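Okay, here's what each chain looks like letter by letter:
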Amino acid sequence: MDKKIIFRLSIGILSSVAMMAAGFYLFLFANPLHLHQVNLLKWIPILIGFTALLASGKINGETPVKFLPFLFIPFVVFDLFNFFYFPFIIVLMITGAAALIITRRDVNKNLKLFSSLSVAGIFIYFLLAQPIILEKPGFGRNMDGEFVNATVLWNPSDEGLIPLPAHTLVDEDNNTFNLESISGKTHFIAFWATWCIPCIIEKPQLDSLKLTYKGDVEFIDISIDEDKVRWLAFIEEHEPAGLQLITNNTDKTRRELNISSLPLHFIVNAEGEYNSFTSLKKAGEMLSETFEQ
């Protein structure tokens, strides 16, 4: 390999790493816009990956095509922020490849235009696929699960309700359970972990809710534990009511269900759409109002 090519590739890789680091710091840590659940917004890594590959592609505009895959090495950075997973990594690779095509001097204008429009379409799709909410001081949810002290720029779901995704969990016997199958009646889902002290403290209150609404509401407890043995020991000792499930992939469960903190509670309607509550008390009040109507 020619020394000039090695130099250009090295500079391109370093520039990509620097831009990715700056981008993730700006959005995830500084977060000047105060975006709600910014670590779960998929349009952010798409934007960061595209601009990083655009810069390294500019530097390597004359580098032979066969060496360009080396420019994707910095994409391992996405793993640090839990975005390096299938199939989303395919989306990142496609937008990265489009960025390189746009920067090539030997590519015709029509292909560059198609690549630009494709990236724009992908970005807009993911931008509008998730809520865009700006937090203000005192941000939170009221007893109805509605945001307070927030500016909702975009919310694709009606009335703030979100459909449960096709997400698979397992029970004590390792039988699978897909959340998408939930329908027909009200369900109450409690997310917790054995290491989460607030979760353990609220268990008696949760047990009381289960007793109060027995027969009217189906209760599901979902553990975010990585230590399945510890979870099983807790279940066997306390024998909680309701279906007991645990994640097979903590990062994936947090990402797909927008879990940024524990404990968390979902009230799911008969159509499989839910509102989320960080406060068990407010979730209980919402249940009470639902069955008084």
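Check the entry above for the structure.
The structure presented is a predicted model; accordingly, all values stated were derived computationally and were not measured.

### Things to note about the layout of surface pockets
Now for step 1: Considered as a void within the structure, the second largest pocket measures approximately 500 Å³ in volume.
Now for step 2: Around the second largest pocket, the lining is made up of 18 residues, and of these Ala129, Gln130, Ile162, Glu256 and Asn258 lie nearest the centre.
Now for step 3: If you list the elements that add at least two residues to the lining of the second largest pocket, you get α5 (109-129), β3 (162-163) and α9 (250-256).
Now for step 4: In terms of residue count, the dominant contributor to the lining of the second largest pocket is α5 (three residues).
Now for step 5: Residues that form the lining of the second largest pocket fall into these classes: eleven nonpolar, four polar and three charged.

### Points about the packing of helix α2 (residues 43-59) against α5
Now for step 1: Packing of α2 against α5 leaves a shortest axis separation of 9 Å and a crossing angle of 155°. Relative to α5, the element α2 is oriented roughly antiparallel. Only Val119, Ile122, Phe123, Phe126 and Leu127 of α5 make contact with α2, whose side of the interface consists of Trp43, Ile46, Leu47 and Phe50.
Now for step 2: Residue classes in the contact of α2 with α5 are distributed as nine nonpolar, no polar and no charged.

### Things to note about the pairing of strand β10 (residues 273-277)
Now for step 1: A large share of β10 lies buried, amounting to four of its five residues.
Now for step 2: As paired elements, β3 and β10 share two bridges and run antiparallel to each other. If you follow isoleucine 162 over to β10, its bridge partner there is tyrosine 274.
Now for step 3: Judged from the four bridges that link them, strand β9 (residues 264-268) and β10 form a sheet pairing that is antiparallel. Bridge pairing links phenylalanine 266 to serine 276 in β10.
Now for step 4: Hairpin connection, β9 to β10: the antiparallel pair is bridged by four residues, and glycine 272 has positive phi, about 80°.

### Regarding the state of the cysteines
Now for step 1: A complete count under the given rule lists one disulfide for this structure.
Now for step 2: Covalently, cysteine 196 is tied to cysteine 199 through a disulfide, its sulfur atoms 2.3 Å apart. One disulfide, between cysteine 196 and cysteine 199, carries an S-S torsion of 75° and so falls in the right-handed class. Exposure class is identical for cysteine 196 and cysteine 199. Each is buried.

### What about the pattern of salt bridges?
Now for step 1: For the coordinates displayed, the defined rule picks out five salt bridges.
Now for step 2: Between aspartate 221 and lysine 203 there is a salt bridge whose closest N-O contact spans 3.9 Å. One end of the pair, aspartate 221, is in strand β7 (residues 218-223); the other, lysine 203, is in helix α7 (residues 203-212), and 18 residues separate them in sequence. For the residue pair aspartate 221 and lysine 203, the accessibility class agrees, reading buried in each case.

### Regarding a negative patch on the surface
Now for step 1: A surface patch of like charges, here negative, comprises Asp79, Glu226, Asp227 and Asp251.
Now for step 2: Mapped onto the elements, aspartate 251 comes out in helix α9.
Now for step 3: A residue is classified by how much of its surface remains accessible, and aspartate 251, at 35% relative accessible area, is partly exposed.

### Examining α2
Since there are 3.6 residues in each turn of an α-helix, residues three or four apart along the chain are aligned in direction.
Now for step 1: For α2, with 17 residues, the first-to-last C-alpha span of 25 Å sits near the 24 Å given by 1.5 Å per residue.
Now for step 2: Residues of α2 that are buried include every one of Trp43, Ile44, Pro45, Ile46, Ile48, Gly49, Phe50, Ala52, Leu53, Ser56 and Gly57, and no others.
Now for step 3: On the buried face of α2, the contacting elements are α1 (3-30), α3 (77-80), α4 (88-103) and α5.

### Re the packing of aromatic side chains
Now for step 1: The final tally for this structure, using the stated rule, is 14 aromatic pairs.
Now for step 2: Summarising the aromatic geometry, the rings of phenylalanine 24 and phenylalanine 83 are spaced 6.4 Å apart at their centres and angled 20° between planes, so their arrangement reads as stacked. In this pair, phenylalanine 24 is assigned in helix α1 and phenylalanine 83 in the loop between α3 and α4, connecting sequence segments 59 residues apart.
Now for step 3: Among the residues examined, phenylalanine 24 registers a relative accessible area of 0% and is labelled buried.
Now for step 4: Assessed through its relative accessible area of 1%, phenylalanine 83 is described here as buried.
Now for step 5: With centroids separated by 5.7 Å and ring planes inclined at 70°, the aromatic side chains of phenylalanine 88 and phenylalanine 126 adopt a geometry described as edge-to-face. Placement of the pair is phenylalanine 88 in helix α4 and phenylalanine 126 in helix α5, with a sequence separation of 38 residues. Both residues of the pair, phenylalanine 88 and phenylalanine 126, count as buried.
Now for step 6: Through pairs of rings, three or more aromatic residues link up here, namely Phe24, Phe72, Phe75, Phe78, Phe83, Phe88, Tyr125 and Phe126.
Now for step 7: In this structure, lysine 42 is placed above the aromatic ring of phenylalanine 88, and the distance from its NZ or CZ to the ring centre is 6.0 Å.

Quick notes on the rules
Residues numbered from 1 in each chain as written. Predicted model: local features only at pLDDT ≥ 70, side-chain atom pairs only at ≥ 80, totals over all residues. Heavy atoms only, no water. 1 Å grid on protein atoms, 1.4 Å probe; cavity = no way out; pocket = protein on both sides within 12 Å on 5 of 7 lines; lining within 4 Å. Points joined across faces, edges and corners; volume = space filled by probe spheres on them. Helix = DSSP H or I, 4+ residues; strand = E, 2+ residues; numbered from the N terminus. Nonpolar A, V, L, I, M, F, W, Y, C, P; charged D, E, K, R; others polar. Axes fitted to C-alpha atoms, helices over the stretch in contact; angles between N-to-C directions. Parallel < 35°, antiparallel > 145°, perpendicular 65-115°, else oblique. Contact = heavy atoms within 4.5 Å. Buried < 20%, exposed > 50% of the residue type's maximum accessible area, 1.4 Å probe, protein only. Pairing = 2+ DSSP bridges. Disulfide = S-S within 2.5 Å. Salt bridge = Lys/Arg side-chain N within 4 Å of Asp/Glu carboxyl O. Patch = residues over 30% accessible without salt bridge, like charges linked within 9 Å, V, L, I, M, F, W, Y side chains within 5 Å. Areas by Shrake-Rupley, 256 points an atom, 1.4 Å probe, with all protein chains shown as cover. Lys, Arg positive; Asp, Glu negative; His and termini not counted. Charge placed at Lys NZ, Arg CZ, Asp CG, Glu CD. Expected span 1.5 Å × (residues − 1). Phe/Tyr/Trp six-rings, centres within 6.5 Å; stacked < 30°, edge-to-face > 60°. Lys NZ or Arg CZ within 6 Å of the ring centre and 35° of its normal.

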